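# Tertiary structure, described
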Amino acid sequence: MFEKKRILGIDPGLTRCGIGVVDGAVGRPPVFVAVGVVRTSPDLDVAHRLLQVEAGLERWFTEHTPDVVAIERVFAQHNTTSVIDTAQAAGVAALVAARHGLPVTFHTPSEVKAAVTGSGRADKPQVTSMVTTILRLDVPPRPADAADALALAVCHAWRGGHTNRYAALVAAARGKR
């Protein structure tokens, strides 16, 4: 009756790429599966760090066989280097998902915060606290990147791809060709 989906949430980053996996079904609370972080050394050049992110994500995709992937949409910050690094890691995540033939939805940070806490302006401790409560975890996921990845997966379980207006516009434009 309820279609269960395995959702892999990714909080992209070059130093720490958070990964959270939940099982979700419409009308049911999401169920925790796994959480972790792919780490890279700042001593390596960017290309090799991206290669490590790709290899780490590949292991997670193979081990947890998700049905869908939710990635945090990169937003503008004052630190352009950080934004570029994050965008590159998000691109690698989308590439790995595409290689596995999986649909990808990008959720904004405020969208995820609103879904999990009720406020698009929630801080990281609030998000971590709510993820811990929603998924009935004994201890809060650490580091914050891991908690954010679970929040992305929970957001997608509850909201799905319906909030991804950009993807909807692209799909609509393709349909008109």
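Residues numbered from 1 in each chain as written. Predicted model: local features only at pLDDT ≥ 70, side-chain atom pairs only at ≥ 80, totals over all residues. Heavy atoms only, no water.

Attention shifts here to unusual backbone geometry. The residue after Arg-142, namely Pro-143, is reached through a cis peptide bond having omega -5°. Topologically, Pro-143 is positioned in the loop between helix 4 (124-134) and helix 5 (144-159). Although it is not a glycine, Thr-65 adopts a positive phi angle of roughly 35°. With respect to the helices and strands, Thr-65 occurs in the loop between helix 1 (46-64) and strand 4 (68-72). Of note in the backbone geometry, Arg-136 takes a positive phi value of approximately 55° without being a glycine. Mapped onto the elements of the fold, Arg-136 is located in the loop between helix 4 and helix 5. (Helix = DSSP H or I, 4+ residues; strand = E, 2+ residues; numbered from the N terminus.)

In a soluble, globular protein the nonpolar side chains are often hidden away together inside. Ranked by internal contacts, the top residues of the largest apolar core, which has 21 residues, are Leu-8, Ile-10, Leu-57, Trp-60, Phe-61 and Val-69. Counting residues per element, the ones that place at least two in this core are strand 1 (4-11), strand 2 (16-25), strand 3 (31-39), helix 1, strand 4 and helix 2 (80-99). Each residue touching Ile-10, except ones within four places of it in the same chain, is listed here: Cys-17, Gly-18, Leu-57, Phe-61, Val-69, Ala-70, Ile-71, Glu-72, Ala-93, Ala-149 and Leu-152. Counting residues in hydrophobic clusters, the runner-up holds 20 residues, among them Ala-115, Ala-122, Leu-135 and Ala-157. (Core = buried A, V, L, I, M, F, W, Y, C linked by side-chain atoms within 4.5 Å. Buried < 20%, exposed > 50% of the residue type's maximum accessible area, 1.4 Å probe, protein only. Contact = heavy atoms within 4.5 Å.)

Turning our attention to the environment of Pro-12. For Pro-12, the location among the structural elements is in the loop between strand 1 and strand 2. Between the C-alpha atoms of Pro-12 and Ala-149, which are 137 residues apart in sequence, the distance is 8.5 Å. Non-local contacts of Pro-12, meaning those with residues more than four positions away in its chain, are made with Cys-17, Ile-71, Glu-72, Thr-86, Ala-89 and Ala-90.

This part covers the UniProt feature "binding site: Mg(2+) 1" (unreviewed entry) in the chain. Residues given the UniProt feature "binding site: Mg(2+) 1" (unreviewed entry) here are Asp-11 and Asp-145. Despite a sequence span of 135 residues, these residues sit close together in the fold, their greatest C-alpha distance being 6.1 Å. Those residues in contact with Asp-11 that lie beyond four places of it in its chain are Arg-16, Cys-17, Gly-18, Glu-72, Asp-145, Asp-148, Ala-149 and Leu-152. By secondary structure assignment, the location of Asp-145 is in helix 5. Here Asp-145 is in contact with Asp-11, Arg-16 and Gly-18, once residues within four sequence places are set aside. (UniProt positions renumbered as here; feature names shortened; annotations may be inferred.)

Let us look at the UniProt feature "active site" (unreviewed entry) in the chain. On the UniProt side, "active site" (unreviewed entry) is annotated at positions that read Asp-11, Glu-72 and Asp-145 here. With respect to the element layout, Glu-72 can be found in strand 4. In contact with Glu-72, not counting residues within four places along its chain, are Ile-10, Asp-11, Pro-12, Phe-106, His-107, Pro-109 and Leu-152. Given a relative accessible area of 13%, Asp-145 falls into the buried group.

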